[in-house]
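Results of the structural survey
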Amino acid sequence: MSKNIEWGKLGFAYMKTDFRYVSRWKDGSWDEGKLVEDNNLTISESSTALHYGQQCFEGLKAYRTKDGKIQLFRPDENAKRLINSCTRVMMPEVPVEKFIDACKQVVKANEDFVPPYGSGATLYLRPFVIGVGDNLGVKPAPEYIFCVFCVPVGPYFKGGMAPVNFITSDFDRAAPYGTGAAKVGGNYAGSLYPHQLAVKKGFADCIYLDPMTHTKIEEVGAANFFGITKNDKFVTPKSPSILPSITKYSLMHIAKEYLEMEVEERDVLVDHLDEFKEAGACGTAAVITPIGGIQHKDKFHVFHSEKEVGPVTKKLYNTLYGIQFGDVEAPEGWIVEV
Ligand SMILES: *Cc1c(COP(=O)(O)O)cnc(C)c1O
């Protein structure tokens, strides 16, 4: 059954699809969970998710392969990260099997919304957990909802990958032992204003530096940073306040095992960007956003080019994209068929 969607025109915008999965936690356990058609949640006005930010979320995609099958990319990693996020804000864990089962159910029930192979479009899944139920004081909620909905989304770059420019922010995204490593909503509310400032100055987004010294790169908007050194090393920052990107860890594996590059997780000094010949931001949404240049104070540093994507970035992108759509052989356990 066709949904009359113009796959080529899809961006990253909400669209109501047919079914979503909802499971409720009460008195110490999750219920079975079920698919529902209603895309509205009715919750107590006093829910901790609304007042104290007790919530977290995930983002992953379902991909249509050349032979028409549908597959998920490393959903177990998203499940584990959701558990870490839940633990950090004192919410009950969603077991890995329950998480993967919920994602599969949602994809199957909305199969007509999975874009065709070759369109570059995918079905984006948004799992989340919120604290609900009547409550007033600052404490964990008495009840929780785990929900997964999905939306077909277009490729991040229409007309092909192109470099974009970024500017460092004077604001911090997260404190060193705060909630930066958890995918919790509060981190994103705080990023809206610095993002808007960067956009007003003509940049795609801002780069967050380490909160303690403001000398090291931490994150590029809501994506992780990587650089390719002049002797072909894949380098990415190491810090307890970075959100561990599954795309980043996948690229590290690809760099090492597929492209035979050395890989380093270490400090990346914003005053030493000269060590890199290419740089990029990575995350599920775009896979890789090549970085043209970075504005820091009164200096604008250009990497490979402001117009062209560097060769190593292209290779990394093509390999990961190929694995996700089933055209390149994946490391064991990375692909889960729906
Ligand atoms: C989700 C997210 C990323 C990217 O993670 P992926 O697992 O690669 O999608 C990076 N940084 C932040 C702050 C994020 O929220």
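Residues numbered from 1 in each chain as written. Predicted model: local features only at pLDDT ≥ 70, side-chain atom pairs only at ≥ 80, totals over all residues. Heavy atoms only, no water.

Naming follows an unreviewed UniProt entry, where the protein chain appears as Branched-chain-amino-acid aminotransferase of Alkaliphilus serpentinus. Listed in UniProt under the heading Sequence similarities (unreviewed entry), the comment for the protein chain reads: "Belongs to the class-IV pyridoxal-phosphate-dependent aminotransferase family." Within the UniProt record for the protein chain, the comment given under Cofactor (unreviewed entry) is "pyridoxal 5'-phosphate". (UniProt positions renumbered as here; feature names shortened; annotations may be inferred.)

1. Let's talk about the domain arrangement of the protein chain
Taken domain by domain, the protein chain consists of domain 1 (7-153) and domain 2 (164-324). In this structure, domain 1 and domain 2 have C-alpha centres spaced 26 Å apart. Each side of the interface is counted separately: domain 1 has 18 residues, and domain 2 has 20 residues. Between the two partners, domain 1 and domain 2, sit 11 residue pairs in polar contact (both at pLDDT 80 or more). For the side of domain 1 that touches domain 2, the elements supplying multiple residues, two or more each, are β4 (55-57), β5 (60-64), β6 (70-73) and α2 (75-88). The leading source of residues in the side of domain 1 that touches domain 2 is α2, at five residues. Grouping the constituent residues of the side of domain 1 that touches domain 2 by class yields six nonpolar, six polar and six charged. (Domains from an automatic or database assignment. Contact = heavy atoms within 4.5 Å. Polar contact = N/O pair within 3.5 Å; in protein donor to acceptor, adjacent residues only side chain to side chain. Helix = DSSP H or I, 4+ residues; strand = E, 2+ residues; numbered from the N terminus. Nonpolar A, V, L, I, M, F, W, Y, C, P; charged D, E, K, R; others polar.)

2. Examining the site of the ligand
Around the ligand, the structure places 14 residues, and the nearest of them are K183, Y188, S245, T247 and T284. Measuring from a nitrogen atom of the ligand, one finds a side-chain N or O atom of E219 at 2.7 Å. Contacts to the ligand include S245, whose side-chain N or O atom sits 2.6 Å from an oxygen atom. Considered on its own, the ligand offers 380 Å² of accessible surface; in the complex 96% of this is hidden by protein. When each cavity is represented as a set of grid points, the ligand is found to reside in the largest pocket. Secondary-structure elements contributing two or more residues to the shell around the ligand are β12 (223-229) and α5 (246-257). Residues of the shell around the ligand, tallied by class, amount to five nonpolar, five polar and four charged. (Near = heavy atom within 4 Å. Areas by Shrake-Rupley, 256 points an atom, 1.4 Å probe, with all protein chains shown as cover. 1 Å grid on protein atoms, 1.4 Å probe; cavity = no way out; pocket = protein on both sides within 12 Å on 5 of 7 lines; lining within 4 Å. Sits in = over half its atoms within 2 Å of the grid points.)

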